[in-house]
Amino acid sequence: EKGGWDSFMDKEIHEDPEAVRNTLLGRVDLDGRLNLDELHIDENAFKSIDKIIVVACGTASYAGIVAKYAIEHWVRIPVEVELASEFRYRDPILTPRTLVVAISQSGETMDTLMALRHAREQGSKVLAICNTQGSSIPRESDAVLYTHAGPEIAVASTKAFLAQITAAYLLGLYLAQTKGTMYRDEIGNTLEALSQMPEKIQWVLDTQPQTIHDTARRMVDAHSFLFLGRHVGYPIALEGALKLKEIAYTFTEGFAAGELKHGPIALVDEGEPVVVIVPPARGRNILHAKVMSAIEEVQARGAFTIAVAEEGDEDVAQKADVVFWRPECPTLMSPLVDVVPLQLFAMDMAMLKHYDVDKPRNLAKSVTVE
Ligand code: F6R
């Protein structure tokens, strides 16, 4: 079952490129137009959507935050991301023009299921982004966009996360196409960039494991880790932190880099490992400069910095203690590569501690209780 891999998690991380590729498959016409007829929502209903609320738990909710940054930019409608467990208990504002997007790998997460039932009772349409055919969440939704990551066995979610981002991006671009908020060739170029991601992910899998492994050996006794990122690097910091706590039982905290000075910097002490997701130096270089200054601030307090950064970023090469490199790609595509070294790092840390990486203590693959 595991092929030649040490664990399902190992196998599934190596299926990250396929998860993205298969989720794109058959959904883009030869002339670069998106075809999501499979959704069975008519164009006019789509045109009238004026707000999106993503409901999800854990890793799926972080895919939702990534999607929020992209969809608001592309479609110019507000996107809220809400933890499914909080959603129905706070009287959320739902109308027939609200699209609720339930993201779930298993399709059986009770918190998410209860949230979508609540949304439908209030008259909103629900679209599921799900990896499991025929499971409860897509069955109870108005529409479904399947992620084609293939079965995910390891408890910690890996390839499904990449597939969720891919599917949510397709939904965002489809909305942009329907509502006319992006030019046709802009949509085409974005789809083209998306379709190049599997190769870039493969590059990370081919070239970075040695550095990641060496770093894990060096860090195996660390008591805690901080993860920080900005923009789409923020949800990736949250996801990297979750992976490490889940399977290596290390205390981690992920936060937005800008928040450092509002509290978390008090935690930084001599030798504290801090993982920093660095945005591309090109284009959005204001953010790059800000993240670089966060690196300097934590280093000044003795932190050991591990950066995830774009190949050729000299600034990072000089400043960070260790760098996990990613190939060049547009900012909005970077989550799909940046998360990969963090998945591998968490797995290495858990293996070095002799933990069962596929079945971490106290956790179940799908949480079917509220
Ligand atoms: C993290 C993890 C969980 C799930 C969450 C939602 O590695 O596995 O945080 O992401 O329980 O599960 P699904 O996506 O099945 O609804």
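Residues numbered from 1 in each chain as written. Predicted model: local features only at pLDDT ≥ 70, side-chain atom pairs only at ≥ 80, totals over all residues. Heavy atoms only, no water.

In the nomenclature of an unreviewed UniProt entry, the chain corresponds to Glutamine--fructose-6-phosphate aminotransferase [isomerizing] from the organism Pseudoscardovia radai. Check the Catalytic activity (unreviewed entry) section of the UniProt entry for the chain; it says "D-fructose 6-phosphate + L-glutamine = D-glucosamine 6-phosphate + L-glutamate". Under the UniProt heading Subcellular location (unreviewed entry), the note attached to the chain is "Cytoplasm". (UniProt positions renumbered as here; feature names shortened; annotations may be inferred.)

(A) Highlighting the site of the ligand. Residues in contact with the ligand amount to 14 residues; listed here are only the nearest, Ser104, Gln105, Ser106, Thr109 and Glu246. Thr109 has a polar side-chain atom sitting 2.5 Å from an oxygen atom of the ligand. Val155 is positioned such that a nitrogen or oxygen atom in its backbone is 3.2 Å from an oxygen atom of the ligand. Against a free-state accessible area of 400 Å², the protein chains account for coverage of 89% of the ligand. Among the residues forming the shell around the ligand, the class breakdown is 5 nonpolar, 7 polar and 2 charged. (Near = heavy atom within 4 Å. Polar contact = N/O pair within 3.5 Å; in protein donor to acceptor, adjacent residues only side chain to side chain. Areas by Shrake-Rupley, 256 points an atom, 1.4 Å probe, with all protein chains shown as cover. Nonpolar A, V, L, I, M, F, W, Y, C, P; charged D, E, K, R; others polar.)

(B) Summary view of the sheet that holds strand β4 (residues 125-130). The strand order β2-β1-β3-β4-β5 describes an open sheet built from 5 strands, whose pairing is parallel. Either end of the sheet is taken by a strand with one partner, and the two such strands are β2 (79-83) and β5 (143-146). The mean angle between the axes of side-by-side strands here comes to 20°, regardless of whether they run parallel or antiparallel. Two elements, strand β1 (residues 51-56) and strand β3 (residues 98-104), share 5 bridges in a ladder whose sense is parallel. The residue of β3 that forms the bridge with Ile53 is Val100. Docked against the sheet, helix α8 (residues 159-179) engages β1, β3, β4 and β5, running at close to 140° with respect to β4. (Pairing = 2+ DSSP bridges. Helix = DSSP H or I, 4+ residues; strand = E, 2+ residues; numbered from the N terminus. Axes fitted to C-alpha atoms, helices over the stretch in contact; angles between N-to-C directions. Contact = heavy atoms within 4.5 Å.)

(C) Geometry of unusual backbone geometry. Non-glycine residue His40 carries a positive phi angle of around 55°. On the secondary structure map, His40 appears in the loop between α2 (16-24) and α3 (43-47). For Arg76, which is not glycine, the phi dihedral falls at a positive 60°. Tracing the backbone through its elements, the reader meets Arg76 in the loop between α4 (58-75) and β2.

(D) Structural detail: α2. Looking only at α2, the buried set comprises Asp16, Pro17, Ala19, Val20, Thr23 and Leu24. The buried residues of α2 all sit within an arc of 165° when viewed along its axis, so they share a single face. Each element contacted by the buried residues of α2 is listed here: α1 (8-14), β5, α8, α9 (184-195), α10 (197-207) and α15 (334-352). Trailing α2 by a residue or two, Gly26 shows a phi angle of about 75°, which is positive. (Buried < 20%, exposed > 50% of the residue type's maximum accessible area, 1.4 Å probe, protein only. Arc of directions from axis to C-beta.)

(E) Structural detail: the sheet that holds strand β8 (residues 273-277). With respect to topology, 5 strands assemble into an open sheet ordered β7-β6-β8-β9-β10, the strand pairing being parallel. For this open sheet the edge positions go to β7 (251-256) and β10 (322-326), each flanked by a neighbour on one side alone. Shown here is a sheet whose adjacent strand axes are inclined to one another by a mean of 15°, direction ignored. In this structure, β8 lies alongside strand β9 (residues 304-310), joined through 5 bridges in parallel fashion. Counterpart to Val276 in the pairing with β9 is Ala307.

(F) Molecular detail of the packing of helix α11 (residues 209-219) against α15. For the pair α11 and α15, interaxial distance at closest approach is 9 Å and the crossing angle is 45°. Of the possible angle classes, the one that applies to α11 and α15 is oblique. As α11 runs across α15, the sense of the crossing is right-handed. Across from Pro209, Ile212, His213, Thr215, Ala216, Arg217 and Met219 in α11, the residues of α15 making contact are Pro341, Leu344, Phe345, Asp348, Met349 and Leu352. Here the residues of the contact of α11 with α15 sort into 9 nonpolar, 2 polar and 2 charged. (Parallel < 35°, antiparallel > 145°, perpendicular 65-115°, else oblique. Left-handed = near helix turned anticlockwise from the far one by under 90°.)

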